[in-house]
Amino acid sequence: MHPRQFFISVGLTLTQEWKLQVDSQRRFVLSLLAASASLPWLGGCQPTPPLKVASHVWPGYEFMFLARDQGWLNKQQVQLVETATASDSLRALSERQVSAAALTLDEVLIGRSLGLPLQVVLVFNISVGADQVLARPEIQQLADIKGKRVGAELSALGNLVVSKLLSAAELTRDDIELVEIDANDFSAWENQSLDVMQTYEPTATRIRNTGAHLLYSSRSFPDTIFDVLAVRTDALAQQQANLKHLMQAHFQGLQAFRQNPVDTNYRLARRLGVTGQEVMGLYRGLQLPDLAVNRSYLSPPSERLSRAVTVINQLLVESGQLDCSPGLENLFTPAYLPRK
Amino acid sequence: MLLRCLISALLILMSGLLGAEQKTSGYQQETLVLGVYAYRDKQLLQQRFQPLVEYLSEQLTDQQVVLEVLSDQEIWSALQRHELDFVLTNPANYIALREHDSLSGALATLVRKEGGVTVNALGGVILQPASQPPLTELRDLEGKTLAISGSRYLGGYLAPLWELVTAQVALDKIHWLEVGLPHDRVIEALLEGKADIGFVRTGVLEDLMARELLAEEALRVLHAQDLPGFPYQVSTRLYPEWPLIALPQVEPQVARQVAAALLSLASDHPAAKAASIAGFNVPADYSLIERVMRDLRMEPFDQVPEVSWVDIWHRYSVQILAVAGFMLLILVLLFLLMVLNRRLNLSRQHLEKIAHYDLLTGLPNRHLLTQRLHKALQIAEQSHQQLAIAYLDLDNFKQLNDLYGHRFGDELLQSLAVRLQTQIDHDETLARVSGDEFVLLLVAEQEKNLDCRLEALLDLLREPWVLSRVKVALSASVGITLFPADQGDPDTLLRHADEAMFQAKALGKNRLLYFDASQKQEQQERQQRLQRLEEALLKQELCLYYQPKVDLRTQAVIGVEALIRWQHPEQGLLAPGAFLPDVEGSELEVPLGLWVLEQALTQLQHWHELGLPLAVSVNISANHLLSPGFVKDLKELLQRFSRLPAASLEIEVLETAALSSLDEGQRLLEECHQLGVQISLDDFGTGYSSLSYFRKLPVDILKIDQSFVRDMLDDQEDRSIVESVVRLAAAFNRQVIAEGVETPQHAEALLELGCFLVQGYGIAKPMPAAVLPQWLEEWVKNADIALAN
């Protein structure tokens, strides 16, 4: 589906959903009243449904899948739902197919602006070069992109990278020919005869192998692209234990990666679509914060994340993807991080 | 001074010489030995690694490197002899080596090259002959024969073993078959059917296939892992490749040069190609392997240190201290609780003692006495025993106390208690109930015996007491009551004994006195009757009957005597004899007298209104007459009935009453007389009034007692008395009236003697007020006949 179409459809679903929600809230109150008498003995024996988490393939998210494949993730507690793109994940969230999703921070902000009650509970990674702009060999400097065909995703992230690129090159959107592509689509590079393409790993490695070179990357704007786990706040109360379990599994995967990289590399390779030897390269542009750093990121006043949110908000408003800056209150919480 | 200079010069010379020697040795061409672990055929490895050794020798300026391919045993011997400077060996060996000599460190990690693919990891392969049915789970390995090269290899033993442990396979159910190096032997064992399963390191399988020594389909890989990019089949997780280790004796700068040479070895360098490696990487993290070895208790971690108490203490000191502290706390608390409990118990005992025993003498107190008495009464009732309750009070204790002081008094009481105690049986009680009062609760077989015992007791008391050098004599008064003769609860019995004791005191102290139970009984009954009478007064069960008085000369009715009757609801009409004796001396006497007076006057007024000008006489008891306020009450009554002439009321006073208090009686009668009331002296002749006294009394009428009148017809003496009274009255100018006139003969006789006023059954019996007018009517008609009869 076209990303724009997606936003329209999400908008529609959301309006319908509000009505439903109001209705279901009323129904909820009624059922609460009706069930209040039977609560004491119902509470103990009703099992919590597993936490469903949407995620597309992205190196930073892979430790959840590693944990699942290694049997560290209890299927009764957490189910991972594989999606193709972040947009799919966002839609699954809005349609309540999942309660949590791995997203970039800007996608979370868009979700919130559309009325999704999202809260960030975990930082998977910070992009320090993983988000890249590749160019044909003849384009040597940033300024050379003027008048060239630049392929980019028109998602929040794509817009963010393009905006950063243009401001670094001291150009405007009118100075380039912007072609809308799927940043994960390797074939777009050849089929669309692009001069420049915004992309990310692992597709970036594949395109570079054809001779393209790195023109610009998120290394130029660190602390801006955060990949996070966002959870619907209306599911938090019920899913608290499952959420903790998921994060524990993620950190266990991260620890395995650090302790025995030679083994973990090969185990991550299958989903990332590369060989074990190439896996390490995909993580070169990523910072993978451990538990302690996560805690410092998410604990109030969570300065670094808030600063990033301000920057992203501004860009999103400028590019017309957001009407106004959504509130920051309760956006981040360290409350569900595991103790150790 | 000279000597000192000489010595220092000598020292300087010596140190210079030594330094020179050290320097010259440093410049010698050194030979470094690289030991390579022979995991394959020695010659093959020698060929493969010789170029690498030559490459290193080239890179090092002052050192020559030589190669030694050594078996497991050889490597260890060489290491012990310090013959090796560098070792290239498998990671498990490296960990063991580091345990033996902890300064050994990995300089670089080998990167292999397999068919153009670089491999920096190794693992294990679990193999099964393809001819056998496939095993789906690792657990199925239990009971099988498993071939291994040896237990010191990572890929060929540790890695697969760790997978088995993770899958919770019972290792002791596996039959291990150690076939030795090289790994090819494991495969031979499998193909020859000597083993069901075999462990080899990664790469061995592919190598044999490449050399066409093994058919591809001959063996099956169990627990195969899907690891994209890894060129070998693998059943386990992967571990870092072989490290190249520098031993501690290698100088750091040499080690640095070797490391630099290794890391800078390009994969296309002939030396690398010859060794079929891609080069070397920075050393990997081998700690994971160490952990696996420790968990699997591999050599050198196979010796479990003996756990001593010291170890336990070191490890759990905090917990042990906490538990000990907690237990100590509990012990302390328990101890405190015990102490507290003991104290409580003691104070309870003390309280009980205070509550039941007298502190001075240790004897039971009144409280305990009452309890024991209660019990004793029950027992006595059941066993028909007689109980004596003796109340003993010292006669002169207060004086002794005042004279010699309280301390002396206390001492006396204590020794008294001791002395009395000797006289008491075990089932009897001696109690001190207050100051100098004691109670003995005795089982009395016979009253006589009891008397003896108590007398003996008193005698004992009377014996001289020598206390604090003071010699005193004591006596006591004892009141006794006996159960069951005296029925009552413990308190009543004690009170009775107490009363008897008081009586004994009143009778002059120093004696025994028994409580009279029957007297007490009568008193109680009288009290009850009085109570009933008081009720009767309130309920108006009492009434007045009237007996006419007649003048025999004229047959005129001169008046009536008011006589009280009790219309008892159960016993019928009662004469005054049935209840007035009880009233005498009681509180009811005055109210009853006043009631009669008032009743009589009311009736009299009624008759006067009917035109019957009668007079009424009312009997006034001595107590009533002498009670304070009698005259005042009488005066008020007369004022209320002021229409009646005062003289129409006559009060009859017993001669004995008038005599009992001579002056007072006379004065009161005077006062009554002054109110205009007539006074008659009732039952005259039964008292002993002297004539002089009689003369002074303001009496209007003498009333001859009916006992004289009744018998005067037969008894001359009585007749003389009647005659004397009549004369006496005449002599003192008093009227005289005879009562008890039962027959006309009596009337005739009295008339003869000059006594004209009479009353009695012969005239009329007492009658209710309502009947009187009719009787009067009939009397007027038939008086003659009546008297004549």
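Everything quoted here is computed from the prediction, not taken from an experiment.

(A) Just the overall build of chain B, in detail. In terms of regular secondary structure, chain B is built from 28 helices and 31 strands. Buried positions account for 46% of the 789 residues belonging to chain B. In chain B, once contacts between residues fewer than 6 apart in sequence are set aside, the share between residues at least 24 apart is 72%. In the structure as shown, chain B presents an accessible area of about 41,500 Å², 53% of it carried by carbon and sulfur atoms.

(B) Representation of the overall build of chain A in the model. When its secondary structure is counted, chain A shows 13 helices and eleven strands. Of the contacts formed within chain A by residues at least 6 apart in sequence, a portion of 80% connects residues at least 24 apart.

(C) Representation of the interface of chain A and chain B within the structure. Taken together, the contacts link twelve residues of chain A with 18 residues of chain B. Surface buried jointly by chain A and chain B totals about 1,300 Å² across both partners, of which 48% is contributed by carbon and sulfur atoms. Per-residue buried area on chain A facing chain B is highest for Gln259, Val262 and Tyr266 of chain A; these three make up 43% of the total on that side. Our enumeration of links across chain A and chain B arrives at one salt bridge. The shortest N-O distance in the salt bridge between Arg270 of chain A and Asp226 of chain B comes to 2.5 Å.

(D) Region of interest: the sheet that holds strand β8 (residues 145–148) of chain B. All names here are of chain B. Here five strands make up an open sheet; going across it, the order is β9-β8-β10-β7-β11 and the pairing mixed. Both edges of this open sheet fall to β9 (175–178) and β11 (219–222), since each of them pairs with a single strand only. Taken pair by pair, the neighbouring strands of this sheet meet at an average axis angle of 30°, ignoring direction. When strand β7 (residues 124–129) meets β11, the two strands line up antiparallel, connected through four bridges. Note that in β11 the partner of Ile126 across the bridge is Leu222. Helix α6 (residues 184–191) rests against β7, β8, β10 (197–201) and β11 of the sheet, and its axis sits at about 160° to β10.

(E) Summary view of unusual backbone geometry. Each neighbour pair has its own omega, and for Pro300 of chain A with Pro301 of chain A the value is 5°, a cis peptide bond. Of note, the bond from Phe483 of chain B into Pro484 of chain B is cis; its omega dihedral lies within 30 degrees of zero at 10°. With respect to the helices and strands, Pro484 of chain B occurs in the loop between β20 (476–483) and α16 (490–506). Backbone geometry at Gln555 of chain B places phi at a positive 60°, although glycine is not the residue there. In this fold, Gln555 of chain B is placed in the loop between β22 (542–551) and β23 (556–568).

(F) Up close: the packing of helix α12 (residues 366–383) of chain B against α16 of chain B. Residue and element names in this part refer to chain B. In contact at an axis separation of 9 Å, α12 and α16 are set at 110° when each is read in the N-to-C sense. Taken together, the axes of α12 and α16 are roughly perpendicular relative to one another. Residue-level contacts link Arg366, Leu369, Thr370, Leu373, His374 and Leu377 of α12 to Pro490, Asp491, Leu493 and Leu494 of α16. For the contact of α12 with α16, the class distribution of residues is six nonpolar, two polar and two charged.

(G) Local environment of the packing of aromatic side chains. All names here are of chain A. In total, this model carries 18 aromatic pairs over all chains according to the counting rule given. With 5.6 Å between their ring centres and 45° between their planes, Phe63 and Tyr283 make a pair best called tilted. Highlighted residues: Phe63 in helix α3 (residues 62–69) and Tyr283 in the loop between α11 (276–282) and β11 (286–287), separated in sequence by 220 residues. Just as Phe63 is buried, Tyr283 falls in that class too.

(H) Representation of a nonpolar patch on the surface within the structure. Residue and element names in this part refer to chain B. Residues Val323, Phe326, Met327, Leu328, Leu329, Ile330, Leu331, Val332, Leu333, Leu334, Leu336 and Leu337 make up a contiguous nonpolar surface patch of roughly 1,200 Å² in combined accessible area. As for its position among the elements, Val323 is in helix α11 (residues 309–356). With relative accessibility at 48%, the residue Val323 sits in the partly exposed group.

(I) Expanded view of the pairing of β23 of chain B. Residues and elements named next belong to chain B. The element β23 is largely enclosed, with a buried count of ten among its 13 residues. Pairing analysis gives ten bridges linking β22 to β23, with the strands arranged antiparallel. Within the sheet, the bridge partner assigned to Gln547 lies in β23 and is Glu561. Where β22 folds back onto β23 in an antiparallel hairpin, the turn is made up of four residues, including Gln555, whose phi is positive at roughly 60°. Where β23 lies against strand β25 (residues 616–620), three bridges are found, and the strand directions are parallel.

(J) Structural context of the sheet that holds strand β2 (residues 78–82) of chain A. Residue and element names in this part refer to chain A. The strand order across the open sheet built from six strands is β2-β1-β3-β10-β4-β11, with neighbouring strands paired in mixed fashion. Edge strands, defined here as strands with exactly one partner in the open sheet, are β2 and β11. On top of the sheet, helix α12 (residues 291–298) reaches β4 (118–127), β10 (226–232) and β11; it is set at about 125° to β4, its chief contact.

(K) Seen up close, the confidence of the model for chain A. Residues and elements named next belong to chain A. Of the residues in chain A, 86% reach a pLDDT of 70 or more, and the chain-wide mean stands at 83. Summarising per-element confidence for chain A, the mean pLDDT is lowest in helix α1 (residues 3–35) (40) and highest in strand β1 (residues 51–55) (96). Note that pLDDT drops below 50 for residues 1–45; the model gives that stretch 23 contacts with residues more than four away or on any other chain.

(L) Molecular detail of the packing of helix α26 (residues 716–731) of chain B against helix α27 (residues 744–753) of chain B. All names here are of chain B. Packing of α26 against α27 leaves a shortest axis separation of 10 Å and a crossing angle of 45°. Here α26 lies oblique to α27, going by the angle between them. Both α26 and α27 take part in a crossing whose hand is right-handed. Taken together, the residues of α27 that come into contact with α26 (itself represented by Arg719, Val722, Glu723 and Val726) are Ala749, Leu750, Glu752 and Leu753. Residues belonging to the contact of α26 with α27 are distributed by class as follows: five nonpolar, no polar and three charged.

(M) Quick look at helix α3 (residues 72–80) of chain B. All names here are of chain B. Listed in full, the buried residues belonging to α3 are Asp72, Ile75, Trp76, Ala78 and Leu79. Relative to the axis of α3, the buried residues are bounded by an arc of 165° and lie together on one face. Opposite its buried face, α3 presents the exposed residues Gln73 and Gln80, each directed more than 90 degrees away. Elements in contact with the buried residues of α3: β1 (30–37), β2 (63–70), β3 (86–88) and α4 (91–100).

(N) A look at a negative patch on the surface. Together, Asp711, Asp714, Asp715 and Glu717 of chain B give the surface a local cluster of negative charge. A residue is classified by how much of its surface remains accessible, and Asp714 of chain B, at 73% relative accessible area, is exposed.

(O) Looking closely at the environment of Pro137 of chain A. One can find Pro137 of chain A in the loop between β5 (131–135) and β6 (149–152). Separated by 74 residues in sequence, Pro137 of chain A and Gly211 of chain A have C-alpha atoms that sit 7.1 Å apart.

(P) Inspection of the pairing of strand β29 (residues 735–739) of chain B at higher detail. All names here are of chain B. β29 sits mainly inside the fold: four of its five residues count as buried. Bridge analysis of strand β28 (residues 701–704) against β29 gives four bridges, and the strand direction is parallel. Among the inter-strand pairings, Leu702 is bridged to a residue of β29, identified as Val736. As defined by bridge partners, β29 adjoins strand β30 (residues 757–759) across three bridges and the pair is classed as parallel. Looking at β30, one finds that Ala738 is bridged to Val758. Note on the crossover from β29 through α27 to β30: the handedness is right-handed.

(Q) Fine view of the side chain of Asn294 of chain A. Residue and element names in this part refer to chain A. When you line up the elements, Asn294 lands in helix α12. Within the structure, Asn294 has its side chain in polar contact with the backbone nitrogen of Val123 (distance 2.7 Å). In terms of polar contacts, Asn294 uses its side chain to reach the backbone carbonyl oxygen of Pro289, at 3.4 Å. In this structure, Asn294 is in contact with Leu122, Val123, Phe251, Pro289 and Leu337, ignoring residues within four places of it in sequence.

(R) Summary view of the nonpolar core. Counting residues in each nonpolar core, the largest one holds 93 residues, and the members touching the most others are Ile145 and Leu229 of chain A. Every residue in contact with Leu229 of chain A, bar those within four places of it in the chain, is listed here: Val53, Ala100, Ala101, Ala102, Gln119, Val120, Val121, Leu122, Phe124, Leu243 and Leu246 of chain A.

(S) Structural view of the environment of Gln132 of chain B. All names here are of chain B. Assignment of secondary structure puts Gln132 in the loop between β7 and β8. With a relative accessible area of 25%, Gln132 lands in the partly exposed category. Spatially, the C-alpha atoms of Gln132 and Arg220 are 9.2 Å apart, while their sequence positions differ by 88 residues. If sequence neighbours within four positions are ignored, Gln132 has contacts with Asp196 and Arg220.

(T) Expanded view of α16 of chain B. Residue and element names in this part refer to chain B. With 17 residues, α16 extends 24 Å from end C-alpha to end C-alpha; this agrees with the ideal 24 Å at 1.5 Å per step. Among the residues of α16, those classed as buried are Pro490, Thr492, Leu493, Leu494, His496, Ala497, Ala500, Met501, Ala504 and Lys505. In this structure, the buried residues of α16 make contact with α12, β15 (387–394), β17 (437–443), β20, β21 (512–514) and α17 (517–538). In the stretch just after α16, Gly508 is the one whose phi turns positive, near 115°.

Calculation notes
- Residue numbers here run from 1 along each chain, matching the order of that chain's written sequence.
- Ligands are numbered from 1 and chains lettered from A, in the order in which they are written.
- Confidence filtering applies because this is a predicted model: local features only for residues at pLDDT of at least 70, side-chain atom pairs given and counted only at 80 or more, and all residues used for totals across whole chains, interfaces and linings.
- The basis for every side-chain value is the complete set of heavy atoms in the structure, and neither hydrogens nor water enter the calculation.
- The numbering of helices and of strands both runs from the N terminus, where a helix is a DSSP run of H or I of at least 4 residues and a strand a run of E of at least 2.
- Categorising residues by exposure relies on relative accessible area from a 1.4 Å probe, with only protein chains included: less than 20% of the type maximum marks a residue as buried, more than 50% marks it as exposed, and the intermediate range marks it as partly exposed.
- Contact between two residues is taken to exist if any of their heavy atoms lie within 4.5 Å; hydrogens are not considered.
- The Shrake-Rupley method, run with a 1.4 Å probe sphere, supplies the accessible areas, and residue values consider only the shown protein chains as cover.
- Accessible area that two parts lose when put together, with a 1.4 Å probe and added across both, is what the buried area reports.
- The salt bridge criterion pairs a side-chain nitrogen of Lys or Arg with a carboxyl oxygen of Asp or Glu, the two atoms within 4 Å.
- One requirement defines pairing of two strands: DSSP has to find at least two bridges between them.
- To get an axis, a line is fitted to the C-alpha atoms, and for a helix only the part in contact is used. The angle between two axes follows their N-to-C directions and goes from 0 to 180 degrees.
- Note that the term roughly parallel is reserved for angles under 35 degrees, roughly antiparallel for angles over 145, roughly perpendicular for angles of 65 to 115, and oblique for everything else.
- Note that Gly is not counted as nonpolar here; it falls among the polar residues with everything else outside the nonpolar set of Ala, Val, Leu, Ile, Met, Phe, Trp, Tyr, Cys and Pro and the charged set of Asp, Glu, Lys and Arg.
- The aromatic pairing rule takes the rings of Phe, Tyr and Trp, using the six-membered ring of Trp, and pairs them if the centres are within 6.5 Å, calling planes under 30 degrees apart stacked, those over 60 edge-to-face and the rest tilted.
- Residues enter patches when they are more than 30% accessible in relative terms and free of salt bridges; like-charged ones are connected within 9 Å and nonpolar ones (Val, Leu, Ile, Met, Phe, Trp, Tyr) within 5 Å.
- The pLDDT score gives, residue by residue, the confidence of the prediction method on a 0 to 100 scale.
- Crossing handedness: left-handed means the near helix sits turned counterclockwise from the far one by under a right angle, and right-handed means the same turn made clockwise.
- The reported arc concerns the directions from the helix axis to the C-beta atoms and nothing else.
- His is not counted, nor are the chain ends; Lys and Arg add positive charge and Asp and Glu add negative charge.
- Positions of charges follow a simple convention, taking NZ of Lys, CZ of Arg, CG of Asp or CD of Glu.
- Think of it like this: strands point away, you trace from the first strand over the helix to the second, and a clockwise trace means the crossover is right-handed.
- Any pair of N or O atoms that falls within 3.5 Å is considered a polar contact. Within protein, one atom must be able to donate a hydrogen and the other to accept it, and sequence-neighbouring residues count only if both atoms are side-chain atoms.
- Throughout this description, the term nonpolar core refers to a set of buried Ala, Val, Leu, Ile, Met, Phe, Trp, Tyr and Cys residues connected via side-chain atoms within 4.5 Å.
- By definition here, a helix of n residues has an expected span of 1.5 Å times n minus one.

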